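Chains, contacts and geometry: an overview
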Amino acid sequence: MTASATTAPPALRPGSAAPQPPCRRGRFGVHLFLGAVSLAFLAPLLLAVYASLRPYEETAKYGYFSFPRRLSFDYYHQAFVDSGMSKYFLNSLLIAVPGVLLTLFLASFVAFAVSRLRIRGGIILLMVFTAGNLLPQQVIVTPLYVLFNRIPLPYWMSDSLTMYDSLWAVIAVQTAFQLGFCVFVLANFMRTLPREILEAAIVDGAGVWAQYRRVTLPLCRPALAALGTLQFTWMYNDFLWGLVFLSDGDKLPVTSALNNLRGQFFTDHNLLAAGSVLVALPTVLVFLLLQRHFIAGLTLGASKG
């Protein structure tokens, strides 16, 4: 037996020191920085939760950064009851859920046509949809207000018999403004899909609808989930369009319910903080439910293979 065969590698020799791990100072610094940024973003929310659990008399006497003497959930019950938040929650869901579904359906249609069908002028069409996001929303408030007052709707769709003062107006505006961003994201994602899959479907006799519904959409599930989470958050938290196009107070979204917690001469900011936390809960729940798909959609293309 040769000496090379009997000699153990240096790392495996008895009594030899184990190899030292590489320096992790850089990674520790990155984690420290990310933790500080996360804490900075969470600080207002944590302060709101902390204030909502304390009586106003206590914070007025000792300050918001003092040690609590008593914690309770009384403000949450009071905020939910006094503001009539249940009907406003329903109004926001009636706006956000159809708006998200309609936006993703139309955006996936356009993105599929632009990226997979090689239609003439597809790049120009994509640029037009993307350029729509550059238009400030406040610029077209007055034209849309006049337009919606002139669009008739049947009585079973609108009490006012026009598009104004109906949830359809808010849904239409939300869909129109969010469509460009979704088309841009989905079109770029669909371009990364292997073209051989679509060609195989064509060979098997799949038409355009089958290529879209059975081949492309299942592969776009992470991107659709990520966009759905973002779109629901944006539409649910919107305050401008509901305030402009809805004159009936019972139809306003939940973001307007917080105004009912303000008094004419006095505002309990702890009560307002509890209402704000309640309003934010649905978006947190949606993110938790779609967290896996949302993160997968954000990390698409981060690694090869």
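Residues numbered from 1 in each chain as written. Predicted model: local features only at pLDDT ≥ 70, side-chain atom pairs only at ≥ 80, totals over all residues. Heavy atoms only, no water.

1. Observations regarding the packing of aromatic side chains
Here the distance between the centres and the angle between the planes together describe a pair of aromatic rings. For clarity, the threshold we go by: Note on aromatic pairs: the rings of Phe, Tyr and Trp (six-membered ring only in Trp) are paired at centre separations within 6.5 Å, and the planes decide the class, stacked below 30 degrees, edge-to-face beyond 60, tilted for the rest. We count a stretch as a helix when DSSP gives it H or I for four or more residues in a row; a strand needs E for two or more, and each element gets its number in order from the N terminus. Buried, partly exposed and exposed residues are distinguished by accessible area as a fraction of the type maximum, computed with a 1.4 Å probe on protein chains only: under 20%, between the cut-offs, and over 50%, respectively. As a reminder, the over-ring test applies to NZ of lysine and CZ of arginine, requiring each to be within 6 Å of the ring centre and within 35 degrees of the ring normal.
By the definition in use, this model includes twelve aromatic pairs. Here Trp241 and Phe245 contribute two aromatic rings whose centre-to-centre distance is 5.4 Å and whose plane-to-plane angle is 0°, an arrangement assigned as stacked. With a gap of four residues between them, Trp241 and Phe245 both fall in helix α12 (residues 240–245), about one helical turn apart. Taking the relative accessible area as the measure of exposure, Phe245 reaches 0% and is therefore buried. The cationic tip of Arg69 hangs over the ring face of Tyr62; the distance from NZ or CZ to the ring centre is 3.8 Å.

2. Examining a nonpolar patch on the surface
The line we're drawing: A patch consists of residues whose relative accessible area exceeds 30% and which take part in no salt bridge; residues with like charges are grouped when within 9 Å of each other, and nonpolar side chains (Val, Leu, Ile, Met, Phe, Trp, Tyr) when within 5 Å. Accessible surface is estimated by sampling points in the Shrake-Rupley manner with a 1.4 Å probe; for residues, cover comes only from the protein chains shown. We define a salt bridge as a side-chain nitrogen of Lys or Arg found within 4 Å of a carboxyl oxygen belonging to Asp or Glu.
Taken together, the side chains of Val30, Phe33, Leu34, Val37 and Phe41 define a hydrophobic patch exposed on the protein surface, amounting to about 520 Å² of accessible area. Along the polypeptide, Val30 turns up in helix α2 (residues 25–52). Judged by relative accessible area, which is 46%, Val30 ranks as partly exposed.

3. A few points about the side chain of Thr255
What counts here: Within 3.5 Å is the distance limit for a polar contact, defined as a pair of N or O atoms, with the added protein rule that one can donate a hydrogen and the other accept it, and that residues adjacent in sequence qualify only through two side-chain atoms. Two residues qualify as a contact provided that any one of their heavy atoms is within 4.5 Å of a heavy atom in the partner residue.
Relative to the helices and strands, Thr255 resides in the loop between α12 and α13 (269–289). Within the local environment of Thr255, its side chain forms a polar contact with the backbone oxygen of Asp238, the two atoms lying 3.2 Å apart. Beyond its immediate stretch of four places on either side in the chain, Thr255 contacts Tyr236, Asn237, Asp238 and Phe239.

4. Notes on the confidence of the model for the protein chain
Here is the rule: How sure the predictor is of each residue is captured by pLDDT, a score from 0 to 100.
Mean pLDDT over the protein chain: 82, with 86% of residues reaching 70 or higher. Taken as a whole, residues 1–5 scores under 50 in pLDDT and shows one contact with residues more than four places along the chain or in a different chain.

5. Details of the layout of surface pockets
To keep it simple, the criterion reads: Using a 1 Å grid laid over the protein atoms alone, points where a 1.4 Å probe fits but cannot get out form a cavity; open sets with protein on both sides within 12 Å along at least 5 of 7 lines form a pocket; any residue with an atom within 4 Å of a point counts as lining. Grid points are joined across faces, edges and corners, and a volume is the space filled by probe spheres set on the points. Put simply, Ala, Val, Leu, Ile, Met, Phe, Trp, Tyr, Cys and Pro go in the nonpolar bin, Asp, Glu, Lys and Arg in the charged bin, and everything else, Gly too, in the polar bin.
Considered as a void within the structure, the largest pocket measures approximately 260 Å³ in volume. Every residue lining the largest pocket is listed: Leu42, Leu45, Thr233, Asn237, Val277, Ala280, Leu281, Thr283 and Val284. At the level of secondary structure, the elements contributing two or more residues to the lining of the largest pocket comprise α2, α11 (221–237) and α13. A total of five residues in the lining of the largest pocket trace back to one element, the largest contributor, which is α13. Each residue belonging to the lining of the largest pocket can be placed in one class, and the counts come to six nonpolar, three polar and no charged. Roughly 220 Å³ of internal volume is contained in the second largest pocket. Together, Leu94, Pro98, Tyr155, Trp156, Met157, Ser158, Asp159, Ser166, Leu167, Trp168, Ile171 and Lys251 line the second largest pocket. Among the secondary structure elements, those contributing two or more residues to the lining of the second largest pocket are α5 (85–116) and α8 (167–191). Among the elements that make up the lining of the second largest pocket, the one with the highest residue count is α8 (three residues).

6. Observations regarding the side chain of Ser92
Within the secondary structure layout, Ser92 lies in helix α5. Apart from residues no more than four positions distant in its own chain, Ser92 is found in contact with Tyr236, Pro253 and Val254.

7. Quick look at the packing of α5 against α11
Basically, it comes down to this: For every element, the axis is a line fit to its C-alpha atoms; helices are fit only across the contacting stretch, and the angle between N-to-C directions ranges from 0 to 180 degrees. Here a crossing is taken to be left-handed if its near helix is turned anticlockwise relative to the far helix by less than a right angle, and right-handed if that turn runs clockwise.
Two elements in contact, α5 and α11, have axes separated by 9 Å at closest approach and are oriented at 145°. Handedness of the crossing formed by α5 with α11: right-handed. Counted together, Phe89, Ser92, Leu93, Ala96, Val97, Gly99, Val100, Thr103 and Leu104 of α5 and Leu224, Leu227, Gly228, Gln231, Phe232, Met235 and Tyr236 of α11 form the full contact between these two elements. Residues that form the contact of α5 with α11 fall into these classes: eleven nonpolar, five polar and no charged.

8. Some details on the packing of α11 against α13
Cut-off, in case you're wondering: For classification, angles of less than 35 degrees are called roughly parallel, those exceeding 145 degrees roughly antiparallel, those between 65 and 115 degrees roughly perpendicular, and all remaining angles oblique.
Between α11 and α13, whose axes approach to 10 Å, the crossing angle comes to 170°. When the interaxial angle is binned, α11 and α13 end up roughly antiparallel. In contact with Thr229, Phe232, Thr233, Tyr236 and Asn237 of α11, α13 contributes Val279, Pro282, Thr283, Val286 and Phe287. In the contact of α11 with α13, the residues fall into six nonpolar, four polar and no charged.

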